[in-house]
Amino acid sequence: MPKNTLNITSQNTVQTRTRLLLALWDLGGTQQEVKKGQLTKRIVSKSQKVADYQGSLKELQNQGAIAISKKGYSLTSGKGLEVLGEGLRSSDFKFEGTIVGTWAANALVKWISQIDVAVTGADVPVNGKSAIAELSKGIASYDEFKSVALEVYDKLNYEYNLDNLVPIYRIRREIGDRVSREDFNTWLLEIQEKDILQLQGGSIEDSAPDKIEDSITTKVSGLRCYAKRLNF
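Residues numbered from 1 in each chain as written. Predicted model: local features only at pLDDT ≥ 70, side-chain atom pairs only at ≥ 80, totals over all residues. Heavy atoms only, no water.

(A) Fine view of the pattern of salt bridges. Scanning all chains against the criterion turns up nine salt bridges. Note that Lys155 and Glu174 form a salt bridge whose closest N and O atoms lie 3.4 Å from each other. Of the two residues, Lys155 is situated in helix α8 (residues 142–159) and Glu174 in helix α9 (residues 168–175); the sequence distance between them amounts to 19 residues. With its nearest N and O atoms 2.8 Å apart, the salt bridge here joins Asp214 to Arg181. Of this pair, Asp214 sits in the loop between α11 (209–213) and β8 (216–218) while Arg181 sits in helix α10 (residues 181–193), and the two are 33 residues apart along the sequence. Given the relative accessible area of 11%, Asp214 is considered buried. Residue Arg181 is classed as partly exposed on the basis of its relative accessible area of 40%. Several salt bridges converge on common partners, so that one network encompasses Arg173, Arg181, Asp210 and Asp214. (Salt bridge = Lys/Arg side-chain N within 4 Å of Asp/Glu carboxyl O. Helix = DSSP H or I, 4+ residues; strand = E, 2+ residues; numbered from the N terminus. Buried < 20%, exposed > 50% of the residue type's maximum accessible area, 1.4 Å probe, protein only.)

(B) A look at empty space enclosed by the protein. For the structure on display, the rule yields one cavity of 30 Å³ or more. Space inside the largest cavity adds up to approximately 60 Å³. Along its surface, the largest cavity is lined by Leu20, Leu39, Thr40, Ile43, Val44, Val50, Tyr53, Gln54, Leu57 and Tyr73. Per element, the largest residue contribution to the lining of the largest cavity is three residues, and it comes from helix α3 (residues 36–43). When the residues that make up the lining of the largest cavity are grouped by side-chain class, the tally is eight nonpolar, two polar and no charged. (1 Å grid on protein atoms, 1.4 Å probe; cavity = no way out; pocket = protein on both sides within 12 Å on 5 of 7 lines; lining within 4 Å. Points joined across faces, edges and corners; volume = space filled by probe spheres on them. Nonpolar A, V, L, I, M, F, W, Y, C, P; charged D, E, K, R; others polar.)

(C) Main features of the packing of aromatic side chains. Summed over the entire model, instances satisfying the criterion amount to two aromatic pairs. Note on Phe145 and Phe184: the rings are 5.5 Å apart at their centroids and 85° apart in plane angle, and the pair reads as edge-to-face. Of this pair, Phe145 sits in helix α8 while Phe184 sits in helix α10, and the two are 39 residues apart along the sequence. Look at Phe145 and you get buried, because its relative accessible area is 0%. Between the aromatic rings of Phe145 and Trp187, the centroid separation amounts to 5.6 Å while the plane-to-plane angle is 45°, which identifies the pairing as tilted. Residue Phe145 is located in helix α8, and its partner Trp187 is located in helix α10; the two are separated by 42 residues in the primary sequence. Relative accessible area serves as the criterion here: at 12%, Trp187 is assigned to the buried category. Counting every residue linked through ring pairs, the aromatic cluster contains Phe145, Phe184 and Trp187. Its guanidinium or amino end placed over the ring of Tyr160, Arg170 lies 4.9 Å from that ring's centre, counting from NZ or CZ. (Phe/Tyr/Trp six-rings, centres within 6.5 Å; stacked < 30°, edge-to-face > 60°. Lys NZ or Arg CZ within 6 Å of the ring centre and 35° of its normal.)

(D) Examining the sheet that holds strand β7 (residues 197–200) more closely. One open sheet holds the three strands; their spatial order is β6-β10-β7, and the pairing between them is antiparallel. Looking at the sheet topology across the chains shown, the edges are occupied by β6 (166–167) and β7. The strands that α8 touches are β6, β7 and β10 (226–229); relative to β10, the one it contacts most, it runs at about 95°. (Pairing = 2+ DSSP bridges. Contact = heavy atoms within 4.5 Å. Axes fitted to C-alpha atoms, helices over the stretch in contact; angles between N-to-C directions.)

(E) Fine view of the confidence of the model for the protein. Looking at the protein, the pLDDT average stands at 78 and 79% of residues meet or exceed 70. The low-confidence segment residues 1–11 (pLDDT under 50) makes 17 contacts with residues lying over four places distant or belonging to another chain. For the stretch residues 116–136, pLDDT sits under 50, and the model shows 36 contacts to residues farther than four places along the chain or on other chains. (pLDDT = per-residue confidence, 0-100.)

(F) Representation of the sheet that holds strand β1 (residues 34–35) in the model. Taken in spatial order, the three strands line up as β1-β3-β2 in an open sheet, and their pairing is antiparallel. Of all the strands in the sheet, the pair left with one neighbour each is β1 and β2 (66–68). Bridge analysis of β2 against strand β3 (residues 72–75) gives three bridges, and the strand direction is antiparallel. When the sheet's bridge partners are listed, Ala67 is paired in β3 with Ser74.

(G) The arrangement of the pairing of β7 in detail. Alternating residues of β7 divide into Leu197 and Leu199, all buried, and Gln198 and Gln200, none buried. Bridge count for β7 against β10 is four bridges, and the pairing is antiparallel. Within the sheet, the bridge partner assigned to Gln198 lies in β10 and is Lys228.

Here's what the structure looks like:
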């Protein structure tokens, strides 16, 4: 291997994983799937190649931090943000060279500005527990799930101007691995039964199989792709 060939995967694992997660987060990876070309354009420099990142991408997938499909990547809002926060706090993380890319600087500014909303790089106690622990802990009951799901619904509806029709796959991905897929399905249907949300059909943008899979299919109503809040 030529001396000037940078094997990122083996030499800078923490740095590479953190840059990947930061780029994916900045590109909206917790809300929607980021196309592979978008992420590649963001992180792969002229002296690198996409193959340099495959090991780190696979490792992040195995950790449950990201999801990979044929078309792109998405960041899990629970585990993915936790790993990103830990990476940014790691003493092994740093930017190489004398110039930091504009995207990276802006992404870090955005991360800091949302430190009280997203998983944060600071281990600030919240009622005796760290913010990371609070965000990543599992959801154990319907009542807790209802509270989180409606909060996520309102957040997505407001931030993306969704006109009170929020894609179910976005809610699922925002909550992430804090709840199992089975419990998510069961409890979201229970919210509908209590006339809090109405689950509706329709088509998913780009008809992506993974987005359809992250929606809900019922025996009676079939595929439900959107949630509409009824009790405004």
